[in-house]
Amino acid sequence: MQAKVNRIVFASGNAGKVREIGQLLEGLSINILPQSDFNVPEIEETGRTFVENAILKARNAAHYTGLPAIADDSGIAVDVLQGRPGIVSARFAGVGASDEDNLLKLIDMIKPFPEEQRTARFICSMVYLRHEHDPIPMIAQGVWEGQLVTDPKGKNGFGYDPIFYVSSHQCTSAELPPEIKNTLSHRGQALKQLLVKLNEIYSME
Ligand code: IMP
């Protein structure tokens, strides 16, 4: 008899993220499908926290597909900016701003502060909803500590990676090979935690 394959929708249009999560879920009886396969419309991120926004995205995907859903929401929090840009990291320089616009705005804001004060962290909340009305979402959160530099370096990654200095590897996160970044990053950590929980319900018989 064939093992049952469970379908889960991933509430992101980012093909790289969908591929990455699919690889990490290998071995489980799960087939991860991007929400673009179902023409799920984007939802406005009106939450005040990463986890609220992740739940909004997952609920939206579950609503339009009738499937269980995983979503993540992430950003960077800078200490000397009182945790900004935080949940507005993707639109720090305005709605529709590019990664470069956001990066340049952040560099301008941190420039006046000495290096040792430029501590920051990437944060990722990842959630799993069994269905649209699931009252007990599975929640996982990952945090990655670093220091910001004002001279961008590296071509890997995206967003604020070129100025996020990782002291353990003495380079920016944009200089790390993707497989190394995944073992350290906020998103990698959150996914690992969620996997432990998903394993309990989706482990291969
Ligand atoms: P989202 O998780 O795709 O909503 O990302 C929110 C925003 O936070 C991105 O547009 C980036 O600006 C920033 N961000 C989140 N994770 C990372 C990362 O791993 N590297 C660099 N920037 C990130």
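Attention in this report is confined to the structure presented alongside it. Source: prediction; values computed, not measured.

Let us look at the side chain of Asp161. Topologically, Asp161 is positioned in the loop between β5 (138-148) and β6 (164-166). Engagement of the side chain of Asp161 in a polar contact is seen with the side chain of Lys181, the distance being 2.9 Å. If sequence neighbours within four positions are ignored, Asp161 has contacts with Phe122, Asn156, Thr172, Ser173, Ala174 and Lys181.

This part takes up the nonpolar core. Core analysis: the biggest nonpolar cluster contains 20 residues, and Leu25, Ile32, Ile70, Tyr128, Leu194 and Leu198 have the highest contact counts within it. Elements with a minimum of two residues in this core: β1 (6-10), α1 (15-24), β2 (30-34), β4 (119-129), β5 and α5 (186-202). Those residues in contact with Tyr128 that lie beyond four places of it in its chain are Ile8, Pro68, Ala69, Ile70, Asp134, Pro137, Met138, Leu194, Leu198, Ile201 and Tyr202. Leu106, Phe122, Trp144 and Ile163 belong to the second-largest nonpolar core, a separate cluster that totals 19 residues.

What follows covers the pattern of salt bridges. Applying the stated criterion across every chain yields a total of eight salt bridges. The partner of Lys181 in a salt bridge is Asp161, with the nearest N and O atoms 2.9 Å apart. Of the two residues, Lys181 is situated in helix α4 (residues 178-184) and Asp161 in the loop between β5 and β6; the sequence distance between them amounts to 20 residues. As far as the burial class goes, Lys181 and Asp161 line up, both buried.

Here the focus is the site of the ligand. Near the ligand there are 15 residues, and of these Ser74, Asp161, Lys181, His186 and Arg187 occur at the shortest range. Contact between the ligand and Ser74: an oxygen atom at 2.3 Å from a side-chain N or O atom of the residue. Here Lys181 contributes a side-chain N or O atom positioned 2.8 Å from an oxygen atom of the ligand. Within the residue set of the shell around the ligand, elements represented by two or more residues are β3 (69-78) and α5. Sort the elements by how many residues they give to the shell around the ligand and β3 lands first, with three residues.

Cut-offs applied
Sequence order as written defines residue numbering, which begins from 1 separately in each chain. Local features in a predicted model are, by the rule used here, given only for residues with pLDDT of at least 70; side-chain atom pairs are given and counted only at 80 or more, and totals for whole chains, interfaces and linings are based on all residues. With hydrogens and water set aside, each side-chain value is computed from the structure's full complement of heavy atoms. Only DSSP runs of H or I covering at least 4 residues are called helices, and only runs of E covering at least 2 are called strands; the numbering of each starts at the N terminus. Here a polar contact is taken to be a pair of N or O atoms separated by no more than 3.5 Å, where protein atoms must pair a possible hydrogen donor with a possible acceptor and residues adjacent in sequence count only if both atoms sit in side chains. Note on contacts: a residue pair qualifies if any of its non-hydrogen atoms lie within 4.5 Å across the two residues. Put simply, a nonpolar core is a bunch of buried Ala, Val, Leu, Ile, Met, Phe, Trp, Tyr and Cys residues held in one set by side-chain atoms that sit within 4.5 Å of each other. Any residue under 20% of the maximum accessible area for its type is buried, any over 50% is exposed, and the rest in between are partly exposed; the area is computed with a 1.4 Å probe on protein chains only. By convention in these notes, a salt bridge is any Lys or Arg side-chain nitrogen within 4 Å of a carboxyl oxygen on Asp or Glu. A cutoff of 4 Å decides nearness: a residue is near a molecule or strand if any of its heavy atoms lies inside that distance of it.

By themselves, these observations are geometric and do not establish any function.
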